[in-house]
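# A closer look at the structure
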Amino acid sequence: NAGVMQNPRHLVRRRGQEARLRCSPMKGHSHVYWYRQLPEEGLKFMVYLQKENIIDESGMPKERFSAEFPKEGPSILRIQQVVRGDSAAYFCASSPGTDNYGYTFGSGTRLTVV
Amino acid sequence: GDSVTQMEGPVTLSEEAFLTINCTYTATGYPSLFWYVQYPGEGLQLLLKATKADDKGSNKGFEATYRKETTSFHLEKGSVQVSDSAVYFCALRRNTGFQKLVFGTGTRLLVSP
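Below: a short report on this structure. This is a predicted model, so every value here is computed, not measured. (Residues numbered from 1 in each chain as written. Chains lettered and ligands numbered in written order. Predicted model: local features only at pLDDT ≥ 70, side-chain atom pairs only at ≥ 80, totals over all residues. Heavy atoms only, no water.)

### Looking at the interface of chain A and chain B
Taken together, the 21 residues of chain A in the interface contact 21 residues of chain B. Buried area between chain A and chain B, both sides added, is near 1600 Å², and the carbon and sulfur share of it is 59%. Counting across the interface, chain A meets chain B through 0 salt bridges. Across the chain A-chain B interface, the total number found is 1 residue pair in polar contact (both at pLDDT 80 or more). (Contact = heavy atoms within 4.5 Å. Buried area = accessible area lost by both parts, 1.4 Å probe. Salt bridge = Lys/Arg side-chain N within 4 Å of Asp/Glu carboxyl O. Polar contact = N/O pair within 3.5 Å; in protein donor to acceptor, adjacent residues only side chain to side chain.)

### So, the state of the cysteines
Scanning the model with the defined rule gives 2 disulfides over all chains in all. The disulfide that involves Cys-23 of chain A links it to Cys-92 of chain A, with 1.8 Å between the sulfurs. Residues Cys-23 of chain A and Cys-92 of chain A share a disulfide whose torsion about the S-S bond is about -55°; that sign makes it left-handed. With Cys-23 of chain A in strand β3 (residues 19-24) and Cys-92 of chain A in strand β9 (residues 88-95), this pair connects stretches of sequence that are 69 residues apart. With respect to class, Cys-23 of chain A is no different from Cys-92 of chain A; both count as buried. Paired by a disulfide, Cys-23 of chain B and Cys-90 of chain B hold their sulfur atoms 2.0 Å apart. Residues Cys-23 of chain B and Cys-90 of chain B are joined through a disulfide that is left-handed, its torsion about the S-S bond being -70°. With Cys-23 of chain B in strand β4 (residues 23-26) and Cys-90 of chain B in strand β10 (residues 86-93), this pair connects stretches of sequence that are 67 residues apart. In this structure Cys-90 of chain B comes out as buried when scored by relative accessible area, which is 2%. (Disulfide = S-S within 2.5 Å. Helix = DSSP H or I, 4+ residues; strand = E, 2+ residues; numbered from the N terminus. Buried < 20%, exposed > 50% of the residue type's maximum accessible area, 1.4 Å probe, protein only.)

### A closer look at the sheet that holds strand β3 (residues 19-21) of chain B
Residue and element names in this part refer to chain B. Ordered in space as β3-β9-β8-β7, the 4 strands form an open sheet in which the pairing is antiparallel. Each end of this open sheet is capped by a strand with a single partner; those strands are β3 and β7 (56-59). Averaged over all pairs of adjacent strands, the angle between their axes in this sheet comes to 15°, without regard to strand direction. In this structure, β3 lies alongside strand β9 (residues 75-77), joined through 3 bridges in antiparallel fashion. By the bridge assignment, Leu-19 is partnered in β9 with Lys-77. (Pairing = 2+ DSSP bridges. Axes fitted to C-alpha atoms, helices over the stretch in contact; angles between N-to-C directions.)

### What to know about the pattern of salt bridges
Considering all chains together, one arrives at 7 salt bridges over all chains under this definition. Notably, a salt bridge pairs Asp-2 of chain B with Arg-94 of chain B, separated by 2.8 Å at the nearest N-O pair. On the criterion of sequence distance, the pair formed by Asp-2 of chain B in the segment before β1 (3-6) and Arg-94 of chain B in the loop between β10 and β11 (102-103) is long-range, its members being 92 residues apart. Owing to a relative accessible area of 22%, Asp-2 of chain B belongs among the partly exposed residues under this scheme. Among the ionic pairs, Lys-56 of chain B bridges to Glu-63 of chain B, the shortest N-O distance being 3.6 Å. Judged by its relative accessible area of 51%, Lys-56 of chain B falls in the exposed class. Judged by its relative accessible area of 33%, Glu-63 of chain B is partly exposed. By sharing partners, the salt bridges in this structure join Glu-18, Arg-20 and Arg-78 of chain A into a single network.

### Some thoughts on the layout of surface pockets
The computed volume of the largest pocket comes to approximately 550 Å³. Lining of the largest pocket is provided by 25 residues; of these, Gln-37 and Glu-40 of chain A together with Val-87, Thr-105 and Arg-108 of chain B occupy positions nearest its centre. Going through the elements one at a time, β9 of chain A together with β10 and β12 (107-112) of chain B are the ones with two or more residues in the lining of the largest pocket. Tallied by class, residues from the lining of the largest pocket come to 12 nonpolar, 8 polar and 5 charged. (1 Å grid on protein atoms, 1.4 Å probe; cavity = no way out; pocket = protein on both sides within 12 Å on 5 of 7 lines; lining within 4 Å. Points joined across faces, edges and corners; volume = space filled by probe spheres on them. Nonpolar A, V, L, I, M, F, W, Y, C, P; charged D, E, K, R; others polar.)

### Here's the deal with the packing of aromatic side chains
The description of two aromatic rings rests on the distance between their centres and on the angle between their planes. Residues and elements named next belong to chain A. Within this structure, the stated rule accounts for 14 aromatic pairs over all chains. Plain terms: the ring middles of Tyr-33 and Tyr-48 are 4.8 Å apart, the flat faces sit at 15° to each other, and that makes the pair stacked. Of this pair, Tyr-33 sits in strand β4 (residues 31-37) while Tyr-48 is found in strand β5 (residues 43-50), placing the two residues 15 residues apart along the sequence. You'll find Tyr-33 and Tyr-48 in the same group, each marked buried. (Phe/Tyr/Trp six-rings, centres within 6.5 Å; stacked < 30°, edge-to-face > 60°.)

### Focus: the sheet that holds strand β1 (residues 5-7) of chain A
Residues and elements named next belong to chain A. Spatially, 4 strands are ordered β1-β3-β8-β7 in an open sheet, and the strand pairing comes out antiparallel. The sheet is open, and its two borders are formed by β1 and β7 (65-68), each paired with just one other strand. Here the strands of the sheet are splayed against their neighbours by 15° on average, with no regard to which way each runs. Alignment of β3 against strand β8 (residues 75-79), held across 5 bridges, turns out to be antiparallel. Looking at the pairing, Cys-23 lines up with Ser-75 of β8.

Given below as structure tokens:
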């Protein structure tokens, strides 16, 4: 029973490029959450998705960031025209329902913008 | 808004020493409280939780008690091991509907033999 799978583990992008981060939830989990960890900071909520729906995106920057969780395939966090300030660890978590006591986190994607 | 404050690290201890990592919170109402642990190169794992005042969460020798009067949830362990070296995050979550986890900045624990 694989856990939450995130890939890539490490991603290097030049300023202005696009970054695509993938998250495959645990089997049976239909709720996905993305968090960002900036250097020397705690994790901050970005977005909560269910299949084909964005439920809460109150933590997403208004520009350049988008997320989706299609009917088939992994959830994708997309960052367009990356800047140095986007360098961070991005964590995905999944749960079987809205009670997020059952959160399971992935190992994260570490994005470095050069 | 809701917030969590943790003691700054790193906390450096010798094996078998007593551990305390302080955590205080600010929130409306009575949130649930959590400790997560992050081992090097891995994601966060739930270590323990408490959902109401005076509850004690415990796991793997770690304990934390939900103190409403001091708005605290300090993490303790009587005898740490080298394998406990990790980053520990305190977090809270409100209890109505979907609510995001609000994390502290994390405390790195280093245990030497």
